[in-house]
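Chains, contacts and geometry: an overview
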Amino acid sequence: MDPTLQHQMSAQHFLSLPRPDALEGPQGGAPDTSTLAAHDFDVDTRTGFMPPQQPLLRLPEEWNVWEDVLDAAIRGRLQLGGKEGVTEEERRASEEWREGVRNMPILPTTPLKSSELLLRRAHLVLAWLLHFYIHTLPPSSPPTIPAPLTLPLLRVSRALRLPPVITYSDDVLYNWRFTSTTPLADSYGNPTLPKVGNIDAGTTFTGTRDEAEFYLTSARMELRGTDALEVMRGIMDEVFVGDAIALSRVTSYLTELASIIEDLGEMLMRVKEMCSPQVFYDEIRPWFRGEDSSAGRWVFEGIEEDESLERPRELSGASAGQSALVHALDVFLGVDKYSHGPSGSSSSPSTFSSSSTISTSSSMTSRSTATAEEREQEQPRSSFLKRMQEYMPRHHRAFLNHLANSPRPLRDYVLANSTSSTSTASTTSDSAGAELLQAYNAAVQALKVFRDKHMIIVALYIVGPARRAAAAKAATSAFVPPATPSATSSATPSTATPPASTPSGAPSTGATETQGKETHGKEMRVETRREARSEAEEEGKEVLKGTGGTDLVRFLKSVRDQTRGALIPLPEA
């Protein structure tokens, strides 16, 4: 990134203003976000949507019970209730832990409202407890959340204006710590900032390196995205100036933005080196599921004890679609008018879904939590991506809203300065306008390619393992002894199953590794992308669900194709 950009930023620009901590209102006479860009957008010039300071690693002593119960779940390596091969001893251990949750005192949440940082940590801890509680239940048990967990979780979620489930901010933005070798400050006393190489994951369900690296892939992408936000700011300033020099600078900025988006795609693909697809699918992904993809409707006990609370309607799984970074790119480039629009019949609820928490964290996501009867009575839902903004920190939602309401949209500026029939044509050379259009289309194309890569990751981490699991199940149910070993061997999908990961979490040999080698060769990349798309589209015929319960492949294909539709055709000669 051009270092001179750092020195051009106004001290009053929203990216320069301090971050919030107090929950209520702007601090120190800062302008309100309803009228101006202000500090409540919670975006840092150095770290973007990631906080510049290490998130709280533990709540104060008053809330030790929550922290201790979460520590017990992690330390006890609790197993998924529906996992095959769970022993009776493991089931008893899970039930004893859940009994501890039921016996927790109902702790006060009002003191937490004094600090946004306290509320964030409380939401993370309580949401993690919720998912541990729900997903360790045997499949036959009704998903009922006890009052000692229901009441504080719903109250904290209401204060933060977030759904009472694990969100992207809980497993990525606010779920990291500095590595053990990283000092908290430099020799001059300046606080250390998070960087790609000095952070590690905080809380995990499985304790595996695979899960940690899954979260860290997204966190590293968020940090790289800081440069994209800075470029966007520079473009907005130049569009405001609007002269010929500004047009040239916007073109350069767009070229740089395309390069940053390309980097994000490469960072996404590197998850294959550190997180085994089979480990992710079997051991990690199920923990993220929301009510949408659970066996039954979640029951929140004790909610009637607080008249100010109501039954949550948004209970989808965590998703990379909840990252404000990619949404910001969509909105800024004007792609959101295409990729965020509703799909299918307007009379039916959205069938979009996302896949892995990847973007990592790629998108595991969701749909309405209402019952079928309630959905039939509802007005058409907004698109999946638009609805995912409800799962973002409210400050980031405000940022996206501000960006979407810019009086000088970038796409309009490009159209006005690249079309010979416009009033600006007399002051803008044809070549400059053409270069601007090409740079804009390059940025949009980079975003489309990013989504191609996301589809590859989804095929490797979700579609492929799901297909192999279905084939193995079908082969087992169709097996009638006696069967010859050779016939059985050839009928099973074992040759397509990725081998166990190495201690570092990277796949060793097999189909997954072969596909992963596309990184250093363009032809290999193209071939791998075709194979992944073919696999995803074939699996799409079976309506593979995301963790939120929606049509995974249909969503990804739709957003990818609609992003391509945002390209502006070159004017005819």
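Computed from a predicted model, the values in this text were never measured in an experiment.

Next up on the list: the overall build of the protein. Across its full length, the protein holds 20 helices and four strands. For the protein, the proportion of its 573 residues judged to be buried stands at 54%. For the protein, contacts bridging at least 24 residues in sequence account for 78% of all contacts bridging at least 6. Accessible surface, the protein as shown: approximately 24,600 Å² in total, 52% of it carbon and sulfur.

Applying the stated criterion across every chain, the model contains 16 aromatic pairs. Measuring from ring centre to ring centre gives 4.5 Å for Phe214 and Phe280, while their planes differ by 40°; the resulting arrangement is tilted. Here Phe214 is found in helix H7 (residues 209–241), whereas its partner Phe280 is found in helix H9 (residues 277–284), with 66 residues between them in sequence. Exposure class is identical for Phe214 and Phe280. Each is buried. In this structure an aromatic cluster arises from ring pairing among Trp97, Trp128, Phe132, Tyr133, Phe205, Phe214, Tyr215, Phe280, Trp287, Phe288 and Tyr461.

This paragraph deals with the pattern of salt bridges. Summed over all chains, the structure comprises 22 salt bridges. Between Asp452 and Lys448 there is a salt bridge, with the nearest N and O atoms lying 2.8 Å from each other. With Asp452 and Lys448 both in helix H16 (residues 430–478) and four residues apart, this pair spans about one turn of that helix. A single burial state applies to Asp452 and to Lys448, both of which are buried. One salt-bridge network, in which partners are shared between bridges, spans Asp200, Arg209, Glu213 and Arg220.

So, on to helix H15 (residues 410–418). When H15 is considered as a whole, its buried residues turn out to be Leu410, Arg411, Tyr413, Val414, Asn417 and Ser418. Down the axis of H15, the buried side of the element spans an arc of 160°, and every buried residue falls inside it.

The residue His454 is located in helix H16 in this model. Taking the C-alpha atoms as reference, His454 lies 9.3 Å from Arg560; in sequence the two are 106 residues apart.

It is worth spelling out helix H3 (residues 88–102) at this point. Between its first and last C-alpha, H3 extends 21 Å over 15 residues, near the 21 Å set by a 1.5 Å rise per residue. Along H3, the residues that are buried comprise Ser94, Trp97, Arg98 and Val101. For H3, the angular spread of the buried residues around the axis is 100°, confining them to a single face. Within H3, the exposed residues directed more than 90 degrees away from the buried face are Glu88, Glu89, Arg92 and Glu96.

A separate point is unusual backbone geometry. Trans peptide bonds make up most of the peptide bonds, and negative phi angles are found at most residues other than glycine. For Asp42, which is not a glycine, the phi torsion comes out positive at approximately 55°. For Asp42, the position within the fold is in the loop between helix H1 (5–8) and helix H2 (64–75). The exposure class assigned to Asp42 is buried, which follows from its relative accessible area of 1%.

Time to look at the nonpolar core. Core analysis: the biggest nonpolar cluster contains 132 residues, and Trp66, Phe132, Leu254, Leu333 and Leu410 have the highest contact counts within it. Among the elements that take part in this core, H16 stands out by supplying 18 residues, more than any other.

Relative to the assigned elements, Arg285 resides in the loop between H9 and strand E4 (299–300). Separated by 32 residues in sequence, Arg285 and Gly317 have C-alpha atoms that sit 9.7 Å apart.

In contact at an axis separation of 10 Å, H2 and helix H4 (residues 116–135) are set at 45° when each is read in the N-to-C sense. Accordingly, the angle class assigned to the pair H2 and H4 is oblique. In terms of crossing hand, the pair formed by H2 and H4 is left-handed. The residues of H4 that touch H2, namely those facing Trp66, Glu67, Val69, Leu70, Ala73 and Ile74, are Arg121, Ala122, Val125, Leu126, Trp128, Leu129 and Phe132. Its residues assigned to classes, the contact of H2 with H4 shows eleven nonpolar, no polar and two charged.

Close reading of the predicted structure is inappropriate where its pLDDT is low. Mean pLDDT for the protein: 78, with 70% of residues reaching 70 or above. Segment residues 420–428 is flagged for pLDDT under 50; beyond a separation of four residues in sequence, or across chains, it makes nine contacts in the model. Below pLDDT 50 for its whole length, residues 486–529 participates in 55 contacts with residues either more than four positions away or in separate chains.

Attention now moves to the environment of Val239. Mapping Val239 onto the fold places it in helix H7. Here the alpha-carbon distance between Val239 and Leu410, two residues 171 residues apart in the chain, equals 7.5 Å.

Below, the discussion takes up the packing of helix H8 (residues 244–269) against helix H10 (residues 324–333). When two helices pack together, you describe them by how their axes are tilted relative to each other and by the distance separating the axes. Remark: H8 packs on H10, axes separated minimally by 13 Å, with the N-to-C direction vectors making an angle of 150°. With respect to H10, the axis of H8 lies roughly antiparallel. Considering only the axes of H8 and H10, their crossing is left-handed. Between H8 and H10, the contacting residues are Leu254, Leu257, Ile261 and Leu264 on the first element and Leu325, Leu329, Phe332 and Leu333 on the second. Class assignment of the residues belonging to the contact of H8 with H10 gives a composition of eight nonpolar, no polar and no charged.

Calculation rules
Within every chain, residues take consecutive numbers counted from 1 along the sequence as written. Note on the predicted model: pLDDT of at least 70 is required for a residue's local features to be given, and 80 or more for side-chain atom pairs to be given and counted; whole-chain, interface and lining totals, by contrast, use all residues. Note that water and hydrogens are dropped before the side-chain values are worked out from all heavy atoms of the structure. By the criteria applied, helices consist of DSSP H or I runs no shorter than four residues and strands consist of E runs no shorter than two, each listed in order from the N terminus. Buried residues are those whose accessible area, probed at 1.4 Å on protein chains only, stays under 20% of the maximum for their type, while exposed residues exceed 50% and partly exposed ones sit between those limits. Here, residues are in contact when the closest pair of their heavy atoms is within 4.5 Å. Accessible surface is estimated by sampling points in the Shrake-Rupley manner with a 1.4 Å probe; for residues, cover comes only from the protein chains shown. In this analysis, rings of Phe, Tyr and Trp, with Trp reduced to its six-membered ring, are considered paired at centre separations within 6.5 Å, and the interplanar angle assigns stacked below 30 degrees, edge-to-face beyond 60, and tilted for intermediate values. By definition, a salt bridge exists where a carboxyl oxygen of Asp or Glu is found within 4 Å of a side-chain nitrogen of Lys or Arg. Note: the arc covers the axis-to-C-beta directions of the helix. Expected span, for any helix, means 1.5 Å times one less than how many residues it has. Within this scheme, the nonpolar core is defined by two criteria: the residues are buried Ala, Val, Leu, Ile, Met, Phe, Trp, Tyr or Cys, and they are joined through side-chain atoms within 4.5 Å. In this analysis, axes come from line fits to C-alpha atoms, helices being fitted only over the stretch in contact, and the angle between any two N-to-C directions falls in the range 0 to 180 degrees. The scheme is simple: roughly parallel for angles under 35 degrees, roughly antiparallel for over 145, roughly perpendicular for 65 to 115, oblique for anything else. When the near helix sits turned anticlockwise from the far one by under a right angle, the crossing is termed left-handed; a clockwise turn instead gives a right-handed crossing. The nonpolar class holds Ala, Val, Leu, Ile, Met, Phe, Trp, Tyr, Cys and Pro. Asp, Glu, Lys and Arg form the charged class, and all remaining residues, Gly among them, are polar. pLDDT: the predictor's confidence for each residue, scored from 0 to 100.

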